[in-house]
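The lines below spell out each chain.
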Amino acid sequence: AVARAERAEQTKEEEARRRVDAERLRIAREVHDTVAHAIAVINVQAGVTAHVLDKRPEQARETLVTIEQTSARALGELRATLGMLRDAEDRRAPTPGLGQVEELVGMAREAGLDVKLEVASPPRELPSAVDQAAYRILQESITNVIRHAGPARVTVSLTYGPDELELRVADDGRGPRDAGHGAEGSQGIVGMRERAALLGGELTAGPRPGGGFQVRACLPLLLPPDPAGAPGAGQRG
């Protein structure tokens with residue numbers, strides 16, 4: 001009886017450590033995605049401001065407004081994410097989802113991308129874990145285009161199927177394919193693939209025939225039981 005009690009206690013402690021590690025990884029992903037996207041947009045807009053400041057002050061003023069709005073939005077998301085670490089009752093703030101995809105695409109346009117949004121089927125309510133993961137995958141994919149593809153046209157496609165959600169982000173950019181965008185082992189692509197895998201889905205990323213790059217993710221709408229570390233599991237987006 002004593003041995004069984006000791007084994008049960010050990011199993012309980014291991015499970016608690018596993019859940020803590022999974023939560024830390026989830027929060028790390030949220031912070032990475034929020035900061036990377038904001039810095040990429042701000043970097044582009046700051047470059048535009050420096051270029052047009054003397055000759056086109058009105059355009060410079062517009063880019064500064066974009067920088068202000070982007071940084072304020074990122075700070076708000078960071079406060080909500082980091083607030084989870086301080087809140088003993090774990091009252092989580094609402095997290096981004098596909099309801100904000102128009103805003104995400106608008107930010108990409110402000111950063112200089114020619115973005116087309118295609119929704120191939122009527123939107124539907126999604127499990128919150130899928131909703132948040134889909135938004136973060138789109139955000140990271142667009143961030144990579146801003147950072148690495150150069151001037152590009154981008155198509156963002158959403159297809160709501162009966163059993164899965166399909167996402168595609170395809171660009172025709174000719175910029176350098178360094179570790180942040182085109183390499184299979186890049187941190188951004190690894191993180192997106194992990195998000196999809198936690199939900200029982202899959203993600204592929206690679207060069208397109210004739211140039212450019214594409215990220216494609218398929219996320220099942222019927223989730224596996226208690227996906228460890230799944231973003232927003234049990235929360236409604």
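From a predicted model like this one, the values you see are computed outputs, not experimental measurements. (Residues numbered from 1 in each chain as written. Predicted model: local features only at pLDDT ≥ 70, side-chain atom pairs only at ≥ 80, totals over all residues. Heavy atoms only, no water.)

1. Overview of the pairing of strand S3 (residues 164-171)
- Among the eight residues that make up S3, six are buried, leaving the element largely enclosed by the rest of the structure.
- Here seven bridges tie strand S2 (residues 153-160) to S3, and the two strands are oriented antiparallel to one another. The partner of Val154 across the bridge, within S3, is Asp171.
- The hairpin turn running from S2 into S3, its antiparallel successor, is three residues long. (Buried < 20%, exposed > 50% of the residue type's maximum accessible area, 1.4 Å probe, protein only. Helix = DSSP H or I, 4+ residues; strand = E, 2+ residues; numbered from the N terminus. Pairing = 2+ DSSP bridges.)

2. So, the confidence of the model for the protein
- Mean pLDDT over the protein works out to 76, with 76% of the residues at or above the 70 mark.
- Contacts of residues 226-237 to residues separated by more than four positions or lying in other chains number 34 contacts, the stretch itself having pLDDT below 50. (pLDDT = per-residue confidence, 0-100. Contact = heavy atoms within 4.5 Å.)

3. Quick look at the nonpolar core
- Formed by 41 residues in total, the largest nonpolar core has its most connected members in Leu113, Leu138, Leu165, Leu167, Leu203 and Leu219.
- When residues in this core are grouped by element, the largest group, ten residues, is from helix H4 (residues 128-148).
- Contacts of Leu219, omitting those with residues within four sequence positions, involve Val130, Ala133, Ala134, Ile137, Asp163, Glu164, Leu165, Leu167 and Ala196. (Core = buried A, V, L, I, M, F, W, Y, C linked by side-chain atoms within 4.5 Å.)

4. Structural notes on the side chain of Ser157
- Structurally, Ser157 can be placed in strand S2.
- A polar contact is formed between the side chain of Ser157 and the side chain of Glu118, at a distance of 3.3 Å.
- Discounting residues that sit within four places of it in the chain, Ser157 has contacts with Glu118, Glu166, Leu167 and Arg168. (Polar contact = N/O pair within 3.5 Å; in protein donor to acceptor, adjacent residues only side chain to side chain.)

5. Quick notes on the sheet that holds S2
- Read across the sheet, five strands follow the order S1-S2-S3-S5-S4 without closing on themselves; strand pairing throughout is mixed. Across the chains shown, the open sheet's two edge strands, defined by having one partner strand only, are strand S1 (114-119) and strand S4 (202-207). Each adjacent strand pair in this sheet contributes to an overall mean axis angle of 10 degrees, direction not counted.
- For S1 and S2, the ladder comprises six bridges, and the chain directions are parallel. Residue pairing across strands places Val115 opposite Val154, the latter belonging to S2.
- Contacts from H4 reach S2, S3, S4 and strand S5 (213-220), with the element oriented near 10 degrees to S3. (Axes fitted to C-alpha atoms, helices over the stretch in contact; angles between N-to-C directions.)

6. Description of H4
- Taking 1.5 Å per residue as the helical rise, H4 with its 21 residues ought to reach 30 Å, and the 30 Å between its terminal C-alpha atoms agrees with that figure.
- Counting buried residues along H4, 20 of its 21 residues qualify, which places the element largely inside the surrounding structure. (Expected span 1.5 Å × (residues − 1).)

7. Quick word on the side chain of Asp131
- Counting through the fold element by element, Asp131 comes out in helix H4.
- Asp131 sits in the buried class, given a relative accessible area of 13%.

8. Focus on the environment of Pro209
- Relative to the elements of secondary structure, Pro209 occurs in the loop between S4 and S5.
- The class of Pro209 is exposed, set by a relative accessible area of 83%.
- Residues Pro209 and Asp172, 37 residues apart in the sequence, show an inter-C-alpha distance of 9.9 Å.

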